[in-house]
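Next come the chains, spelled out residue by residue.
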Amino acid sequence: MRRALLLCACAALASAFAPPGFSGAAVARAAPARTAPVLDAKKKKKDLQTPKPVRERKVKDDKIEVDGVVTEALPSANFRVEIGATKQVLLCTISGKIRKNFVKILVGDSVKVELSPYDLTRGRITFRERN
């Protein structure tokens, strides 16, 4: 019932706005419109949009970097590192980049350690210096 009313309404509108000599029956049986012009419109709309801003990485200033010497190798890639200036011994772990590249760290190696200002007794080994 609804469909019949909708077709009648569409046919009536089409005949009202159709050019002379155009039959309304052809409108009811017409093929659906192409989707290509709609896609072109979407592409144009996408081109007109403003570009996304470039995401900048936040520089972390709160890291303290010190030099030290490995004094003891512990299990699970942990090391005891003695800082040269204060002779303080820290518990340090290997950073992901060193772990990924299989850099071997031995007792006696000089390394760079990053410390967090919140816990000055633990650190992360970020670089093994060449002797």
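For clarity, every value in this text was computed on a predicted model and none was experimentally measured.

Caption draft 1: View of the overall build of the chain. Helix and strand counts for the chain come out as four helices and five strands. Element order for the chain, N to C, with α for helix and β for strand: α-α-α-β-β-β-α-β-β. Counting the 131 residues in the chain, one finds 15% classified as buried. Within the chain, counting contacts between residues at least 6 apart in sequence, those at least 24 apart form 46% of the total. Summed over all atoms, the accessible surface of the chain reaches about 11,200 Å², with 59% contributed by carbon and sulfur.

Caption draft 2: The sheet that holds strand S3 (residues 89–94), seen in detail. The strand order around the closed barrel formed by five strands is S1-S2-S3-S5-S4, and the pairing between neighbours is mixed. The average angle at which neighbouring strand axes cross in this sheet is 50°, direction not considered. Taken together, the six bridges between strand S4 (residues 110–116) and strand S5 (residues 119–128) define a ladder with antiparallel strand orientation. Opposite serine 116, over in S5, you have aspartate 119 as the bridge partner.

Caption draft 3: Quick look at the pattern of salt bridges. Applying the stated criterion to the full structure yields four salt bridges. In this structure, arginine 128 engages aspartate 109 in a salt bridge whose closest nitrogen and oxygen atoms are separated by 3.0 Å. In this pair, arginine 128 sits in strand S5 while aspartate 109 sits in the loop between helix H4 (96–100) and S4, placing the two residues 19 residues apart along the sequence. Using a relative accessible area of 7% as the deciding quantity, one classes aspartate 109 as buried. Of the charged contacts, one joins arginine 124 and glutamate 114 as a salt bridge, the two residues approaching to 3.1 Å between their closest N and O atoms. With arginine 124 in strand S5 and glutamate 114 in strand S4, the pair connects residues that are ten residues apart, well separated along the chain. Judged by its relative accessible area of 34%, arginine 124 is partly exposed.

Caption draft 4: Summary view of unusual backbone geometry. For alanine 77, which is not glycine, the phi dihedral falls at a positive 55°. On the basis of relative accessible area, alanine 77 is assigned to the partly exposed category, the value being 24%.

Caption draft 5: Structural detail: the pairing of S3. Every second residue of S3 is oriented toward a common face, the buried set being Leu90, Cys92 and Ile94 and the non-buried set Val89, Leu91 and Thr93. As defined by bridge partners, strand S2 (residues 78–83) adjoins S3 across five bridges and the pair is classed as antiparallel. Each bridged residue has a counterpart across the sheet, and for glutamate 82 the counterpart in S3 is valine 89. Count of turn residues in the S2/S3 antiparallel hairpin: five residues, of which lysine 87 carries a positive phi of about 60°.

Caption draft 6: Spotlight on the environment of alanine 85. With respect to the element layout, alanine 85 can be found in the loop between S2 and S3. Alanine 85 sits in the exposed class, given a relative accessible area of 76%. Sequence-wise, alanine 85 and glycine 68 are 17 residues apart; in three dimensions their C-alpha atoms are separated by 8.6 Å.

Caption draft 7: Structural context of the pairing of S4. As defined by bridge partners, strand S1 (residues 64–74) adjoins S4 across six bridges and the pair is classed as antiparallel. Looking across to S4, one finds that valine 66 is bridged to valine 113.

What counts, and where the lines are drawn
Residues numbered from 1 in each chain as written. Predicted model: local features only at pLDDT ≥ 70, side-chain atom pairs only at ≥ 80, totals over all residues. Heavy atoms only, no water. Helix = DSSP H or I, 4+ residues; strand = E, 2+ residues; numbered from the N terminus. Buried < 20%, exposed > 50% of the residue type's maximum accessible area, 1.4 Å probe, protein only. Contact = heavy atoms within 4.5 Å. Areas by Shrake-Rupley, 256 points an atom, 1.4 Å probe, with all protein chains shown as cover. Pairing = 2+ DSSP bridges. Axes fitted to C-alpha atoms, helices over the stretch in contact; angles between N-to-C directions. Salt bridge = Lys/Arg side-chain N within 4 Å of Asp/Glu carboxyl O.

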